[in-house]
Amino acid sequence: MGALAANENVRKLIPYVAGKPVEEVERELGITNIVKLASNESPLGPSPRALEAARRALENVRMYPEGSCHVLREKLSAHLGVPQQALMFGNGSDDLIHCLGLVFLQAGDEVVTGSPTFVRYEAAATLAGARYVEVPLRNYTYDLEALADAFTDRTRLVFVANPNNPTGTSNSAAEVDRLLQRLPERALLVLDEAYYEYVERTDYPDAIKSALEGKRVVVLRTFSKIHALAGLRVGYGIASEEIVGYVDQVREPFNVNSVAQYAAAASVDDVDHLQQSKSVNAAGKKQFYAAFDQLRLTHARSDANFVYVDLGRDASVVAEALLRKGVIIRSGRLMGNSTCARVTIGTAQENERFIQALSEVLS
Ligand SMILES: Cc1ncc(COP(=O)(O)O)c(C=O)c1O
């Protein structure tokens, strides 16, 4: 690129490939009534209370947002029972992953995580010139013993997506405890709980407790999944005051917009809506499991709002055929396994459309 000299770490970044927007598929294929089960979005949409709060907040957009997310901070602090100073907010939890990379990584450091997992951890490592150490999943699940075996004195950040994206599997409290016991002194464990509201297992770790007890733990959560506010971009983290202070140093001063702050705060209150979203998801999961079993397709047991399924053949070919039938899923090729796909759980009707289309494509 001529005389331009971009940072060499920037040149190594792999561009993020997002799921196709519905409008784009409709335009390209000339079809309507498309079902998108590709980006782990909530099929029920946000709480009406969140939408109402967003509309009200729009009236004031001439003003800068609260840089500290004051209203949302108070609300979440009470809801989660955590001190206000233990909370940090981002433009999506993506933003917080990026900030943690800026704070804790330098060239030559190491980031340890599972593979396949959420792709933004790699970007944080690459940008800092850190080594990205990927430990293969076992049985579609983070192998936390193997992760600990990969630790060195250069390990600074350890990312565990719990539940994991793309496989939906989760790790138990006992597994995470053992990992924490082996965490090197200068390393920090990031427990990314983007899907925690959907978790059904009963031995799920109390990650917030670990973060507040002064263990080197950061918990990440988001309003993009069960709260269905992905388009507004708001995520949060729970960590020690010291870590929150460092993130405050590197984040943009107004990283969460005002509409997002008020919508998220209102969403926290709508417990019934969240419960309904969780029930619809649990029922949809059963629908998927039954269909996959009938089609003799191996799948992971999910604690999230999507299921990872082995289609037994090139998943991008299947995804393309489904696309022509108006159903968008996420082929696993981008996520480490060419025969697997990640399918977001939709409404009962959307799930049925997908199952019907998949049966036709596979027969
Ligand atoms: C495991 C995991 N973490 C973080 C995110 C980022 O979510 P957001 O930036 O929308 O809060 C996602 C989104 O897909 C995810 O799957």
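Given the structure is predicted, the values throughout are model-derived calculations rather than measurements. (Residues numbered from 1 in each chain as written. Predicted model: local features only at pLDDT ≥ 70, side-chain atom pairs only at ≥ 80, totals over all residues.)

**Some details on the overall build of the protein chain**
The number of helices and strands found in the protein chain is 14 helices and twelve strands. A compact globule built from 363 residues would reach a C-alpha radius of gyration of about 21 Å, and the protein chain, at 20 Å, matches this within 12%. Within the protein chain, the proportion of its 363 residues that are buried is 47%. For the protein chain, long-range pairs separated by at least 24 residues make up 75% of all intrachain contacts whose partners lie at least 6 apart in sequence. (Helix = DSSP H or I, 4+ residues; strand = E, 2+ residues; numbered from the N terminus. Rg over C-alpha atoms; globule rule 2.2 N^0.38 Å. Buried ≥ 20, exposed ≤ 12 C-beta atoms within 10 Å, placed from the backbone. Contact = placed C-beta atoms within 7 Å.)

**Side note on the site of the ligand**
With respect to spatial proximity, 13 residues lie near the ligand, and among them Gly92, Asp94, Asn165, Thr222 and Ser224 are the closest. Looking at the shell around the ligand residue by residue, the classes come out as four nonpolar, seven polar and two charged. (Near = placed C-beta within 6 Å. Nonpolar A, V, L, I, M, F, W, Y, C, P; charged D, E, K, R; others polar.)

**Here's the deal with the domain arrangement of the protein chain**
Examined at the domain level, the protein chain breaks down into domain 1 (18-45 + 272-362) and domain 2 (48-269). In this structure, domain 1 and domain 2 have C-alpha centres spaced 25 Å apart. Facing 24 residues of domain 1, the contacting portion of domain 2 comprises 19 residues. Counting only elements with at least two residues in the side of domain 1 that touches domain 2, the list comes to α12 (271-294) and β9 (306-310). Looking at the side of domain 1 that touches domain 2 element by element, the count peaks at five residues for α12. (Domains from an automatic or database assignment.)

**Things to note about the sheet that holds strand β3 (residues 110-115)**
Taken in spatial order, the seven strands make up an open sheet running β2-β8-β7-β6-β5-β3-β4, and their pairing is mixed. In this open sheet, the two strands that pair with only one neighbour each are β2 (87-90) and β4 (131-136). The mean inter-strand angle of the sheet, taken between neighbouring strand axes irrespective of direction, is 25°. In terms of strand pairing, β2 meets strand β8 (residues 235-238) through four bridges, oriented antiparallel. Across the sheet, residue Gly90 finds its bridge partner in β8, namely Gly235. (Pairing = 2+ DSSP bridges. Axes fitted to C-alpha atoms, helices over the stretch in contact; angles between N-to-C directions.)

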